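Structural features, examined
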Amino acid sequence: MRLSPSGPTSGTTVRFPRRLIAERRIAFVKIGRHVRIAESVLNAYIDGNTVQPIRRRRARYGRAA
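Residues numbered from 1 in each chain as written. Predicted model: local features only at pLDDT ≥ 70, side-chain atom pairs only at ≥ 80, totals over all residues. Heavy atoms only, no water.

1. A closer look at the overall build of the protein chain
Selection rule: Elements are defined by DSSP. Helices are runs of H or I of four residues or more, strands are runs of E of two residues or more, and each kind is numbered from the N terminus. Think of it in three bands: residues with accessible area under 20% of the maximum for their type are buried, residues over 50% are exposed, and the middle band is partly exposed, with areas taken using a 1.4 Å probe on protein chains only. Methods summary: accessible areas were calculated by the Shrake-Rupley approach with a probe of 1.4 Å, and residue burial reflects only the protein chains presented.
Of regular secondary structure, the protein chain possesses three helices and two strands. Start at the N end of the protein chain and walk to the C end: the helices and strands fall as α-α-β-β-α. Considering the protein chain as a whole, with its 65 residues, one finds that 17% of them fall into the buried category. Total accessible area computed for the protein chain in this model is approximately 5,900 Å², and 51% of it derives from carbon and sulfur atoms.

2. Focus: the confidence of the model for the protein chain
Defined as follows: The predictor reports its confidence for every residue as pLDDT, a score running from 0 up to 100.
With 75% of its residues at a pLDDT of at least 70, the protein chain reaches an overall mean of 82. Here helix α1 (residues 3-10) is the element of the protein chain with the lowest mean pLDDT, 57, and strand β1 (residues 29-31) is the one with the highest, 93.

3. Some thoughts on the nonpolar core
Quick reminder of the rule: Buried Ala, Val, Leu, Ile, Met, Phe, Trp, Tyr and Cys residues that are joined via side-chain atoms within 4.5 Å together make up what is termed a nonpolar core. Contacts are assigned to residue pairs with any non-hydrogen atoms lying within 4.5 Å of each other.
One finds Leu-20, Ile-21, Ile-26, Val-35, Ile-37, Leu-42 and Tyr-45 forming the largest nonpolar core, which totals seven residues. Residues contacting Ile-26, with those up to four places away along its chain left out, are Leu-20, Ile-21, Ile-37, Val-41, Leu-42 and Tyr-45.

Right, dumping it as structure tokens:
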């Protein structure tokens, strides 16, 4: 996958995958001056960094009025 279509896929700008590449936080393939990221690698990165919501316990007593 090229960098330009990866932005809409992940809901980010082109700058975000470029920063991930510069910081070596994601696997990529460089062919000459072109950089490619496998879609599976991008999906694995998103899945690995997804934060699940915490279920809050309800307070035993209601709020004071």
